[in-house]
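Chain residues, written in single-letter form:
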Amino acid sequence: MIDVVLHPGRDRSLRRRHPWVLSGAVARVAGEPAPGAFARVLAAEGEVLGFGHYSPQSTLRVRMLAFEKDVAEEGLLEARIADAVARRAASPLLRDTDAVRLVNAEGDGLPGLVADRYGDALVVKLTSAGMLVRRELLAAALREATGAAIGFERADSVAARKEGLPARQGPLWGEPPATPLWICERGRRYRVDLAEGQKTGFYLDQRDARDLVERLAPGRRALDLFCYTGGFGVAAARGGAQRLTLVDSSGPSLALAQENLGAIAAAAPARFAQADAFEFLRSDDAGYDLLILDPPPMARAERDVARAARAYKDLLRSALRRSAPRAYLLVFAFSHHIGPEKLRQIVFGASLEAGRPLRVLATLGAAPDHVVALDHPEGAYLSGLLLEA
Ligand code: SAH
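Definitions and cut-offs
All chains use their own residue numbering, which begins from 1 and follows the written sequence. For this predicted model, a pLDDT threshold of at least 70 governs which residues receive local features, and a threshold of 80 or more governs which side-chain atom pairs are given and counted, while totals over whole chains, interfaces and linings are taken from all residues. Hydrogens and waters are ignored; side-chain quantities use all the structure's heavy atoms. By convention in these notes, a residue is near a molecule or strand provided one of its non-hydrogen atoms lies within 4 Å of it. Polar contact criterion, stated in full: a pair of N or O atoms within 3.5 Å, where within protein one must be able to donate a hydrogen and the other to accept it, and residues adjacent in sequence count only if both atoms are side-chain atoms. Per-residue accessibility takes into account occlusion by the displayed protein chains alone, with areas from the Shrake-Rupley method and a 1.4 Å probe. Here the term cavity refers to a set of points on a 1 Å grid, laid over the protein atoms alone, in which a 1.4 Å probe fits but cannot get out; the term pocket refers to an open set having protein on both sides within 12 Å along at least five of seven lines, with lining residues being those that place an atom within 4 Å of a point. Pocket occupancy is defined atom-wise: a molecule lies in a cavity or pocket when more than half of its atoms are within 2 Å of its grid points. Three residue categories are used. Nonpolar comprises Ala, Val, Leu, Ile, Met, Phe, Trp, Tyr, Cys and Pro, charged comprises Asp, Glu, Lys and Arg, and polar comprises the others, including Gly. To pair, rings of Phe, Tyr and Trp, with the six-membered ring standing in for Trp, must have centres within 6.5 Å; the planes then decide the type, stacked if under 30 degrees apart, edge-to-face if over 60, and tilted in the middle. Helical segments are the DSSP runs of H or I of at least four residues, strand segments are the runs of E of at least two, and each set is numbered from the N terminus. Only protein chains enter the accessibility calculation, which uses a 1.4 Å probe; a residue whose area is less than 20% of its type maximum is buried, one above 50% is exposed, and one in between is partly exposed. A helix is expected to span 1.5 Å for every residue after the first. In this description, one arc is meant: the one made by directions from the helix axis to the C-beta atoms. The charge count treats Lys and Arg as positive and Asp and Glu as negative. His and the chain ends do not count. Here, a salt bridge means any side-chain nitrogen of Lys or Arg that lies within 4 Å of a carboxyl oxygen of Asp or Glu. Here, two residues are considered to be in contact whenever any of their heavy atoms come within 4.5 Å of each other.

Moving on, we come to the site of the ligand. Around the ligand lies a shell of 14 residues, among which Phe226, Asp248, Asp276, Ala277 and Asp294 are the nearest. Here an oxygen atom of the ligand and a side-chain polar atom of Gln198 are 3.1 Å apart. Asp248 has a polar side-chain atom sitting 2.7 Å from an oxygen atom of the ligand. Against a free-state accessible area of 580 Å², the protein chains account for coverage of 89% of the ligand. When each cavity is represented as a set of grid points, the ligand is found to reside in the second largest pocket. In terms of residue class, the shell around the ligand is made up of 8 nonpolar, 3 polar and 3 charged.

In structure tokens:
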């Protein structure tokens, strides 16, 4: 174990249980500061503040695991993993699906670790030095807690580079399927590509919004913009949409979307467009009464927010031109920097410019397996609005 001593006055965020120690807060380190070392963190005056994993290269110098005065490293991660898995298994909000996020990093007291279950397979992402150097221990603990037949690690090369460690992708245990596997979420079936798909293969965080789309769909002409593998499109089809349009710029994603829609026997006629969504909306002249706008992250940092707001307004103005009276619109922002209030302001701007008043029916967020710890507000990254034209 090493000791990390903070500068005077830099202990405040830890006393509020915030799980990150920034590099600038660290005065000195006693002991061998190896990547991922278990670290005891002390205030300048010597008081023990807690324990975490040390990252010698990252600006997130220590990711905290515990805020007690005395914590044993042994068994800590295993116990956290078992707890995270047990909470999901017991949750009434996560029934009727075989695809669930089992570990959500800081939200589960496990910064640097994400584990998603897809049927019998677990997809694992390690994004901190502490987790990257404990790959075998984590794999064993996840296997033990879940009984999953397959464990597969997805490389996060951006995170690994920040940690100064090599990224790795491949099986952790078992034999990964050679083709995308099927999951079943509340009656909706999707193929998920564990190795090549976006995120860990699927947007599990939109599960509850898919339920909502299914309920809103009957008789409506639905537009799934930025559809990826058709998460929302399939929900709209199952809900009884009259017709469907799915748009994405990625060919492989659309191919899976087509397969997913194809598996629904009574699905309405569907049109698939491989196109830039902004251009598609400008040239399309169809009318819609259920529109889902789920673009990729547009504001990774605070300085991107103004540009993202302009892009959203552009998108929304075009979408409103295609929206029938009383249409439902679901708009999402995938960024900690655009919360529900900011999103509401942006949508209001577009509504004013388009001369189309909009009513907010609901505020939306990530599904409850994407737990956010109150002491880590940065963990909230997905906001959405359900609007009525
Ligand atoms: N709605 C999806 C997730 C969307 S992720 C779901 O619930 O599963 C964002 C998607 O936007 C990705 O599939 C990406 O390929 C696509 N994309 C990114 N830029 C785009 C653009 N300019 N036009 C159309 N699609 C785009």
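This part covers the packing of aromatic side chains. Throughout the structure, instances matching the rule amount to 7 aromatic pairs. Note on Phe38 and Phe51: the rings are 5.7 Å apart at their centroids and 15 degrees apart in plane angle, and the pair reads as stacked. Placement of the pair is Phe38 in strand β4 (residues 38-42) and Phe51 in strand β5 (residues 48-54), with a sequence separation of 13 residues. Overall, the relative accessible area of 2% leaves Phe51 in the buried class. An angle of 75 degrees between the planes, with centres 6.3 Å apart, marks the rings of Phe226 and Phe278 as edge-to-face.

What follows covers helix α4 (residues 135-146). Taking 1.5 Å as the rise per residue, α4 with 12 residues should run 16 Å; its terminal C-alpha atoms sit 16 Å apart, in good agreement. Among the residues of α4, Arg135, Leu138, Ala139, Ala141, Leu142 and Thr146 are the ones counted as buried. Down the axis of α4, the buried set is contained in an arc of 165 degrees. They therefore lie on one face. For α4, exposure combined with an orientation more than 90 degrees from the buried face picks out Glu136 and Glu144. Of the residues flanking the end of α4, it is Gly147, one or two places downstream, whose phi is positive at about 70 degrees.

For the rest of this paragraph, the subject is the side chain of Asp224. Its place among the elements puts Asp224 in strand β14 (residues 221-225). Despite its burial, Asp224 pairs with no opposite charge, the nearest such side chain being Arg210 at 8.9 Å. Polar side-chain contacts of Asp224 include one of 2.8 Å to the backbone nitrogen of Gly233. Excluding anything up to four places from it in sequence, Asp224 contacts Gly230, Gly231, Phe232, Gly233, Thr245, Leu246, Val247 and Ile292.

Here the focus is unusual backbone geometry. A positive phi angle is found at Lys199, which is not glycine, with a value near 50 degrees. Within the secondary structure layout, Lys199 lies in the loop between β13 (188-192) and α6 (207-216). For Lys199, a relative accessible area of 23% corresponds to the partly exposed category. Despite not being glycine, Tyr228 shows a phi value in the positive range, around 50 degrees.

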